[in-house]
2 protein chains.
Amino acid sequence: MRKKIKKINAAILIIGNEILSGRTQDKNVAFISKWLNSNCGISIKEVRIIPDEEKIIIKNILTLSKKFNYVFTSGGIGPTHDDITAKSISKAFKVKYEYHEEAYAILERYYGKKKFNDGRKKMAKMPRGSKLIYNPSSAAPGFIIKNVLSLPGVPSILNSMIENCKRYLVKGLKIHSKTINLFTVESNISKQLSLIQKKYKKFVDIGSYPFFRLGKIGVAIVTRSTSLKKLKNVNTDLMKVIKIKKIEVLNL
Amino acid sequence: MRKKIKKINAAILIIGNEILSGRTQDKNVAFISKWLNSNCGISIKEVRIIPDEEKIIIKNILTLSKKFNYVFTSGGIGPTHDDITAKSISKAFKVKYEYHEEAYAILERYYGKKKFNDGRKKMAKMPRGSKLIYNPSSAAPGFIIKNVLSLPGVPSILNSMIENCKRYLVKGLKIHSKTINLFTVESNISKQLSLIQKKYKKFVDIGSYPFFRLGKIGVAIVTRSTSLKKLKNVNTDLMKVIKIKKIEVLNL
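Residues numbered from 1 in each chain as written. Chains lettered and ligands numbered in written order. Predicted model: local features only at pLDDT ≥ 70, side-chain atom pairs only at ≥ 80, totals over all residues.

What follows concerns the pairing of strand β2 (residues 42-50) of chain A. The element β2 of chain A is extensively covered by neighbouring structure, given that nine of its nine residues are classed as buried. Pairing geometry for strand β1 (residues 8-15) of chain A and β2 of chain A, over eight bridges, is parallel. In the strand pairing of β2 of chain A, N9 of chain A is matched with S43 of chain A. Where β2 of chain A and strand β2 (residues 42-50) of chain B come together, three bridges link them in antiparallel fashion. Residue pairing for β2 of chain B: V47 of chain A is matched across the bridge by I49 of chain B. (Buried ≥ 20, exposed ≤ 12 C-beta atoms within 10 Å, placed from the backbone. Helix = DSSP H or I, 4+ residues; strand = E, 2+ residues; numbered from the N terminus. Pairing = 2+ DSSP bridges.)

To summarise the sheet geometry, strands pair through backbone hydrogen bonds and adopt either a parallel or an antiparallel arrangement. All names here are of chain A. Taken together, four strands build an open sheet; the order of strands is β10-β11-β9-β12 and the sheet is antiparallel. Pairing within the sheet leaves two strands with one partner each, and these edge strands are β10 (205-213) and β12 (248-250). Each adjacent strand pair in this sheet contributes to an overall mean axis angle of 30°, direction not counted. As judged from the nine bridges shared by β10 and strand β11 (residues 216-225), these two strands associate in the antiparallel manner. Within the sheet, the bridge partner assigned to F211 lies in β11 and is G218. (Axes fitted to C-alpha atoms, helices over the stretch in contact; angles between N-to-C directions.)

Attention shifts here to the domain arrangement of chain A. Taken domain by domain, chain A holds domain 1 (8-168) and domain 2 (176-250). Using C-alpha coordinates to define each centre, domain 1 of chain A is positioned 37 Å away from domain 2 of chain A. (Domains from an automatic or database assignment.)

Glancing now at the interface of chain A and chain B. Taken residue by residue, the interface counts 46 residues in chain A and 45 residues in chain B. Within the residue set of the side of chain A that touches chain B, elements represented by two or more residues are α1 (17-20), α2 (28-40), β2, α6 (118-122), α8 (186-199) and β10 of chain A. Residue classes in the side of chain A that touches chain B are distributed as 16 nonpolar, 17 polar and 13 charged. (Contact = placed C-beta atoms within 7 Å. Nonpolar A, V, L, I, M, F, W, Y, C, P; charged D, E, K, R; others polar.)

Right, let's talk about the environment of K45 of chain A for a bit. Structurally, K45 of chain A can be placed in strand β2. In this structure the C-alpha to C-alpha distance between K45 of chain A and I12 of chain A, which are 33 residues apart in sequence, comes to 8.5 Å. Once residues within four sequence positions are removed from consideration, K45 of chain A is found in contact with N9, A11 and F68 of chain A together with L20 and P51 of chain B.

Next up, the structure:
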């Protein structure tokens with residue numbers, strides 16, 4: 001009997017003027033996407049970066065949570081006035097924005113009663129009905145409500161919390177990938193790539209990406225599939241072309 | 001007499017499975033955003049990263065080109081089967097996808113008649129009515145049609161072409177910014193920041209971003225405004241708070 005594992009997809013919503021303005025270089029998209037695929041078989045199908053504006057956050061949460069199995073938000077859950085993610089998600093889902101009892105207790109224990117000021121208390125406020133995503137590095141938890149998981153923007157903290165998302169996620173089919181690096185130009189193999197892509201149409205996704213290394217121009221051919229067998233077949237076909245065309249392969 | 005300069009905004013549409021999968025770390029968002037603000041006074045208000053799929057590209061081009069003054073696309077204008085940006089934009093705007101005479105001539109001259117193969121010819125195909133964005137590093141031009149400017153995905157090539165977008169852009173108000181780095185925690189100043197933000201509501205945008213440096217926790221306070229005067233005022237207010245609270249400032 002075949003195991004029924006479905007394709008599960010997700011979107012990432014990066015909330016933060018500092019990413020939009022270019023002041024800060026985003027690192028969370030690549031990290032979340034790679035982690036989700038290898039650990040949960042979940043594919044990121046869309047990313048949006050938006051400003052810290054309530055109306056815009058609400059609209060994007062509603063759109064993306066309908067369109068994808070999961071939405072991961074990053075940013076805007078800290079203690080300052082520009083951290084409005086939790087409040088905006090509450091409004092999007094029309095639930096109360098209120099203290100989460102366990103989050104409040106965690107933060108109070110972490111800071112101590114005397115240092116648990118209003119800014120820090122704010123980090124315990126979440127949409128009613130949220131479950132916590134524990135934070136092993138700086139205490140303040142993320143949360144999940146419906147299919148939306150909210151994580152902080154600081155990469156080191158986000159990275160430390162991602163394992164704690166796992167319990168809330170339904171696993172899907174992992175996408176396997178293989179890269180062949182060639183010392184040639186894209187146009188030298190574009191016709192053959194196109195034919196091979198047609199042959200494996202729905203099963204394998206072939207990408208071709210130019211690179212510059214050791215003073216030479218090259219192309220990375222990246223094949224991606226949920227089937228290891230199909231991935232092997234497509235790479236056998238690719239190697240035939242490479243042999244016929246006498247293209248040098250860069251072994252890394 | 002006052003000069004009438006408007007706020008001009010734009011979106012970036014990154015087209016490419018390699019960015020979505022996390023295989024490649026995007027660098028174009030930060031580059032384009034910083035360049036546009038300093039050189040043209042144009043603010044990026046939304047970024048989307050989407051897969052190499054025609055229907056999805058068409059939908060996003062139509063949505064974003066209506067919503068913003070300009071849309072910058074990055075990726076998918078090379079010679080291979082997965083480069084479908086130009087074709088998809090043609091379909092979005094219901095114009096023919098055909099050889100651009102000047103682009104064809106540029107590429108033929110660059111490669112020489114003998115080496116001008118089908119893959120390379122493909123890079124001369126564009127939506128009818130496009131104007132060229134010249135490429136000083138690898139010849140293949142980008143293009144602009146309506147308010148959509150299409151650039152390649154490889155950062156070094158994109159960077160070399162960005163100056164050539166200028167002639168097509170209406171200039172807007174530049175956003176000035178100032179950063180103060182403080183050795184304190186966000187929650188220590190969150191109340192005061194919130195009050196100052198309220199005072200300068202529509203004119204200055206205040207962001208607060210935690211950092212770790214020299215083994216200490218800190219906060220970068222970033223203020224952004226189109227008015228240099230208002231920016232100065234808000235920073236005077238901030239410095240008063242910093243002095244009263246005896247917070248150490250990190251001079252970089």
